[in-house]
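Residue-level structure breakdown
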Amino acid sequence: QVQLVESGGDLVQPGGSLQLSCAASGRIFSVYVMAWYRQAPGKQRELVATITRGGSTNYADSVKGRFTISGDNAKNTVYLQMNSLKPEDTAVYYCNAEVSTDSTGTRYSYWGQGTQVTVAS
């Protein structure tokens with residue numbers, strides 16, 4: 001089994017910054033992709049950013065230039081640095097990892113429990 005544990009969510013004022021962290025642990029053979037999603041009240045879960053094991057990144061248009069995703073392969077950990085936060089960034093942020101648990105290469109998707117980010121004055 002694989003567990004993802006997120007941390008770093010908080011209440012922050014507009015224009016402020018936060019860094020989220022997500023650590024993957026358990027029966028991990030290899031991590032292929034890690035990502036951050038978010039879900040605001042009454043809305044569907046949306047992709048925020050992804051990072052591959054090789055370091056390639058991708059961002060939603062709404063966060064480009066403000067958010068930065070990074071990873072530490074040795075620790076199976078991904079970070080999301082969020083700057084210039086806006087009220088519309090308020091959501092529960094979820095970590096996702098695409099992982100293989102053995103040498104067969106079969107990939108499985110795992111989710112964290114979510115961490116609340118609230119941007120308000």
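Overview of the structure. (Residues numbered from 1 in each chain as written. Predicted model: local features only at pLDDT ≥ 70, side-chain atom pairs only at ≥ 80, totals over all residues. Heavy atoms only, no water.)

**Let's talk about the overall build of the protein**
The condition is simple: Where helices and strands are cited, they refer to DSSP runs of H or I of at least four residues and of E of at least two residues respectively, numbered from the N terminus. Computation of the radius of gyration draws on C-alpha atoms, with the globule rule given as 2.2 Å multiplied by the number of residues to the power 0.38. Only protein chains enter the calculation, and the probe is 1.4 Å; a residue is then buried if its accessible area is under 20% of its type maximum, exposed if over 50%, and partly exposed in between. The contact criterion used is simple: two residues touch if any of their non-hydrogen atoms lie within 4.5 Å.
For the protein, the helix and strand inventory stands at 0 helices and 11 strands. Along the protein, helices and strands appear, N-terminal first, in the series β-β-β-β-β-β-β-β-β-β-β. Taken over C-alpha atoms, the radius of gyration comes to 14 Å for the protein, in line with the 14 Å a tight globule of 121 residues would show. Projecting the C-alpha coordinates of the protein onto the three principal axes gives extents of approximately 50 × 25 × 25 Å. Taking all 121 residues of the protein together, 40% fall into the buried category. Taking contacts inside the protein between residues at least 6 apart in sequence as the whole, the part at least 24 apart equals 56%.

**As for the nonpolar core**
Note the threshold: In this description, a nonpolar core means a group of buried Ala, Val, Leu, Ile, Met, Phe, Trp, Tyr and Cys residues linked to one another through side-chain atoms lying within 4.5 Å.
Grouped together as the largest cluster of nonpolar side chains are 31 residues, with contacts concentrated most on Met34, Trp36, Leu80, Met82 and Tyr93. For this core, the secondary-structure elements that each account for two or more residues are β1 (2–7), β3 (18–26), β4 (30–39), β5 (46–52), β7 (67–72), β8 (77–82), β9 (91–100) and β11 (115–119). Considering every element that reaches this core, the biggest residue donor is β9, with 5 residues. Residues contacting Met82, with those up to four places away along its chain left out, are Gly16, Ser17, Leu18, Leu20, Arg66, Phe67, Tyr93 and Val117.

**A word on the pattern of salt bridges**
Stated precisely, the cut-off is as follows: For salt bridges, the criterion is a side-chain nitrogen of Lys or Arg within 4 Å of an Asp or Glu carboxyl oxygen.
A complete count under the given rule lists 5 salt bridges for this structure. One salt bridge connects Arg107 with Glu98, and the closest N-O pair in it is separated by 2.7 Å. Taking relative accessible area as the criterion, Arg107 reaches 46% and is therefore assigned partly exposed. Judged by relative accessible area, which is 28%, Glu98 ranks as partly exposed. A cluster of three or more residues bridged by salt bridges with shared partners is formed by Arg38, Glu46, Arg66 and Asp89.

**Some remarks on the state of the cysteines**
Quick reminder of the rule: In this description, the term disulfide denotes a pair of cysteine sulfurs within 2.5 Å.
Tallied over the full model, the rule gives 1 disulfide. Shown here is the disulfide that connects Cys22 with Cys95, its sulfur atoms set 2.1 Å apart. A torsion of -80 degrees about the S-S bond marks the disulfide between Cys22 and Cys95 as left-handed. On the criterion of sequence distance, the pair formed by Cys22 in strand β3 and Cys95 in strand β9 is long-range, its members being 73 residues apart. Neither Cys22 nor Cys95 differs from the other in exposure class; each is buried.

**Quick look at the pairing of β3**
Note the cut-off: Note on pairing: DSSP must find at least two bridges between two strands before they are called paired.
In this sheet, β3 lies alongside β1 in antiparallel orientation, the contact comprising 6 bridges. Paired with Gln3 across the strands is Ser25, a residue of β3. The sheet contact formed by β3 and β8 spans 6 bridges and is antiparallel. If you follow Leu20 over to β8, its bridge partner there is Leu80.

**Side note on unusual backbone geometry**
At Asn76, a residue that is not glycine, the phi angle is positive and equals roughly 50 degrees. With respect to the secondary-structure elements, Asn76 resides in the loop between β7 and β8. Positive phi values are uncommon outside glycine, yet Ser84 reaches one of about 50 degrees. Relative to the elements of secondary structure, Ser84 occurs in the loop between β8 and β9.

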